[in-house]
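Given next are the chains, with one letter for each unit.
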Amino acid sequence: MQESKYYQLLREEFIAKGREEGREEGTRETTRQNTLTLLRSKFAANDVDEVVPVLQHVTDMQQLEQLLLAAAQVQNLNAFKLMLEEQR
């Protein structure tokens, strides 16, 4: 049995959309990991682990990028936690 052209088109669009969503999630996860790595280089790793669950819930890429930049600039972890809470 041969697939219709319409079905083939739908299948290709579905696959392309899945790949794009996968790339987007990969980018978000990389940004989260970079943020955590940066924070762990500045502050105690055990203290940084407290922000992991909250950071995992941030899905907006622009917010994640802002948090990454903030991680590079904050003087203490409490300031970062405050910024993270404001993102919620």
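Look up: the structure comes first, before these words.
Now for a look at the structure at hand. (Residues numbered from 1 in each chain as written. Predicted model: local features only at pLDDT ≥ 70, side-chain atom pairs only at ≥ 80, totals over all residues. Heavy atoms only, no water.)

**Concerning helix α4 (residues 61-73)**
Taking 1.5 Å as the rise per residue, α4 with 13 residues should run 18 Å; its terminal C-alpha atoms sit 19 Å apart, in good agreement. Turning to α4, its buried residues number three or more, namely Leu 64, Leu 67, Ala 70 and Ala 71. Relative to the axis of α4, the buried residues are bounded by an arc of 120° and lie together on one face. α4 presents Gln 62, Leu 69 and Gln 73 as exposed residues on the side facing more than 90 degrees away from its buried surface. Contacts from the buried residues of α4 go to α1 (5-42), α3 (52-56) and α5 (77-87). The backbone nitrogen of Gln 62 lies 3.2 Å from a side-chain oxygen of the residue at the head of α4, namely Asp 60. (Helix = DSSP H or I, 4+ residues; strand = E, 2+ residues; numbered from the N terminus. Expected span 1.5 Å × (residues − 1). Buried < 20%, exposed > 50% of the residue type's maximum accessible area, 1.4 Å probe, protein only. Arc of directions from axis to C-beta. Contact = heavy atoms within 4.5 Å. Polar contact = N/O pair within 3.5 Å; in protein donor to acceptor, adjacent residues only side chain to side chain.)

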